[in-house]
Amino acid sequence: MNKKLRINHIFIVLAIALSACQQDDALTDANSTPSDKGRVMVTIREKAPMPATRGETGNWLDPVGNNELINNYWVVFAKEGTVAELVSKRIEPAEQDTFVFTLDPGTYTVYGFANLTDQQWSDLGIAKGAPLPNLSTKTIATTNNWKDLDLPLPMTSKMGGQNVTVVADENQTFAVEVVRTMAKLQLDFTNNTVQPFEILGYEIYPLERTNVSLLEPATPSQIVNNDTIAWPVSLATPLSLSPNGGNGSTWLYVNETNATASAVTNQYSLRFKVRRNGQYEEYRYGFTVNHTTIDDDGTTGFTYIRRNDWIKIPITFCDWIFRIEALPFPPIAGFQSRVVTADALSITFNTGGYVVLHPAFRKNSDTAGMWRSFDDSSVVFSMGDGNWVTGDDGRYAECIDSETGTGMTMEGDLNIFEDKFFQLPSGDIIGQLTNDDNQYGEVTITMKVLLEGFAYQFVYTIIKQR
């Protein structure tokens, strides 16, 4: 059963707070630089914030603990494919560090690494005087909810590193940027119901299980899907939310993830296990779009969890409950075979025919067993002029009322429908599955409504089997 997600995504770009790097035995002073060497001052520091395409209400320049700072580091200077210099140090946790040493003149590719374990560093196979391994193919094993491991967050450079040029007998200053390999996901709850809530745990889908790219991808669209899963989190101590405005917050570190792996492209979902008024319940949410966000590919939406993002998601629990049932209408003397999932979020048909979507709404304060429909004054739903607009790839269509923002979208194998859904004057919503046995697949339907002025949506999947 889907319930309200009043969610105004606040995406905080993590300006990475990094720490330092210093030299091994290449330290020099201002008066000892040989004439055939270049004197170099290097600062390992946080990456500059990204363009302000995401609302910022905080950043990582004010870390909450030493695990978000640099505790140890390595800086690699490669020249013509060979590791020319290697600087490393273990330091007191800090946001940045500076070291000075000498280098032969020339152009170098520089990579920074911080907070790797000795084993992780050894596995990279980087050694002075040896060929630089192909770092673009390497991964790093990171685990969602990393904070439970009591280890500092790994940090690495961007794909391709940085190029610097050293000139003989000159003082030069360079900055080496490193970025945390994980994101920070924060859930901020408000309980606007008349009953107390306890958040017992939650589940996020999809999240990359482990083994993300060692280096930061050049663009978010290059975040790969290796092994995405639904990641469950159980709270050791339930998060209590008092009624009528009580609030609370929880967070975890998560792996960068590409949401195109989800059943509905560009959608992450959350499930919350709660105890409300002594009763155990599950709340399910799907969220897709922060309309102020423009991804690198020019689209709006919450497609990627990027390393070093700090994503704050406000979630408001209200008294409304919203669900959809798909009711088949087989031909006379016929039987339309169907299977409904246990969580009532999808239905599978083995034959074609008409399908009626029956939405139902209720408030927690309503009489037990009472369900409202479109004829209720608190419910606003319209499909505008009733005309569906289909995307260029033929896998997405929408019929949205421009004034209210309500209506429907369909995404997936649209060819399984002979007729898309339309609304009768009675309020019934009807579509028709094809009887063509060669047309099969699944379509995810999102219905958007206003309940007492708040925007709600329910996601439901219709599957037609062979």
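Before going into details, it helps to say that this report is about the structure given with it.

The rules behind each value
- Residues numbered from 1 in each chain as written.
- Predicted model: local features only at pLDDT ≥ 70, side-chain atom pairs only at ≥ 80, totals over all residues.
- Heavy atoms only, no water.
- Helix = DSSP H or I, 4+ residues; strand = E, 2+ residues; numbered from the N terminus.
- Areas by Shrake-Rupley, 256 points an atom, 1.4 Å probe, with all protein chains shown as cover.
- Buried < 20%, exposed > 50% of the residue type's maximum accessible area, 1.4 Å probe, protein only.
- Polar contact = N/O pair within 3.5 Å; in protein donor to acceptor, adjacent residues only side chain to side chain.
- Contact = heavy atoms within 4.5 Å.
- Phe/Tyr/Trp six-rings, centres within 6.5 Å; stacked < 30°, edge-to-face > 60°.
- Lys NZ or Arg CZ within 6 Å of the ring centre and 35° of its normal.
- Core = buried A, V, L, I, M, F, W, Y, C linked by side-chain atoms within 4.5 Å.
- Pairing = 2+ DSSP bridges.
- Salt bridge = Lys/Arg side-chain N within 4 Å of Asp/Glu carboxyl O.

## Details of the overall build of the protein chain
A count of helices and strands for the protein chain gives one helix and 33 strands. For the protein chain, the accessible surface area stands at approximately 20,600 Å², while carbon and sulfur atoms represent 47% of it.

## Some points on the side chain of N144
Here N144 lies in the loop between β8 (139-140) and β9 (155-156). Since its relative accessible area comes to 2%, N144 is described here as buried. A polar atom in the side chain of N144 sits 2.9 Å from the backbone oxygen of E208. A polar side-chain atom of N144 sits 2.8 Å from the main-chain amide nitrogen of N255. Ignoring sequence-local partners within four residues, the contact set of N144 consists of M182, L207, E208, R209, W231, Y253, V254 and N255.

## A few points about the packing of aromatic side chains
As enumerated under the stated definition, the model contains 19 aromatic pairs in all. Measuring from centroid to centroid gives 4.9 Å for W251 and Y253, while their planes differ by 70 degrees, and the two rings are edge-to-face. Look at Y253 and you get buried, because its relative accessible area is 0%. Clustering of aromatic rings is evident, with ring pairs tying together F189, F197, Y202, F272, Y283 and F317. Residue placement shows K184 over the ring face of W310; its charged tip is 4.4 Å from the ring centre. The positively charged end of K312 is found above the aromatic ring belonging to W310, 4.3 Å away from the centroid.

## Quick look at the environment of G278
With respect to the secondary-structure elements, G278 resides in the loop between β18 (268-276) and β19 (279-287). Residue classification places G278 among the exposed positions, given a relative accessible area of 53%. The spatial distance from the C-alpha of G278 to the C-alpha of F197 is 8.8 Å, given a sequence separation of 81 residues.

## Some words on the nonpolar core
By size, the foremost hydrophobic cluster in this structure holds 35 residues, and its most contacted members are L357, M408, F421, M447 and I462. No other element matches strand β32 (residues 441-451), which puts five residues into this core. In this view, F421 contacts V355, L357, M383, W388, M408, M410, I429, I430, G431, I445 and I462; residues no more than four positions away in its chain are not counted.

## Some words on the pairing of strand β33 (residues 454-464)
Pairing geometry for strand β24 (residues 346-349) and β33, over four bridges, is parallel. Of the residues in β33, the one forming a bridge with T348 is I463. In the sheet, β32 pairs with β33 via eleven bridges, with the strands oriented antiparallel. Looking across to β33, one finds that M447 is bridged to F458.

## A short note on unusual backbone geometry
The amide bond that connects Y205 to the next residue, P206, takes the cis arrangement and shows omega of -10 degrees. Residue position: P206 is located in strand β13 (residues 197-208). With phi around 55 degrees, E80 is a residue other than glycine that occupies positive phi space. For E452, which is not glycine, the phi dihedral falls at a positive 50 degrees. Looking at where E452 falls in the secondary structure, it is placed in the loop between β32 and β33.

## Re the pattern of salt bridges
All told, the structure shown has 14 salt bridges when counted by the stated rule. With a shortest N-O distance of 2.9 Å, R307 and E256 are connected by a salt bridge. With R307 in the loop between β20 (304-305) and β21 (309-317) and E256 in the loop between β16 (246-255) and β17 (257-258), the pair connects residues that are 51 residues apart, well separated along the chain. Taken as a pair, R307 and E256 share a single burial class, namely buried. Across the salt bridge formed by K363 and E452, the nearest N and O atoms sit 3.3 Å from each other. Separated by 89 residues along the polypeptide, K363 in strand β25 (residues 353-363) and E452 in the loop between β32 and β33 bring together distant segments of the chain. Given the relative accessible area of 16%, K363 is considered buried. One salt-bridge network, in which partners are shared between bridges, spans D366, R372 and D376.

## With respect to the pairing of strand β29 (residues 407-412)
Regular strands have side chains that alternate between both faces of the sheet. The buried count for β29 comes to five of six residues, which makes it a mostly enclosed element. Inspection of the sheet shows strand β28 (residues 396-400) paired to β29 by five bridges, in the antiparallel sense. Bridge pairing in β29 links C399 to M408. In this structure, the hairpin formed by β28 and β29 is closed by a connection of six residues, where G405 is found at a positive phi of approximately 75 degrees. Sheet topology places β29 next to β32; six bridges connect them, and they run antiparallel. Bridging from a neighbouring strand, G407 pairs with K448 of β32.

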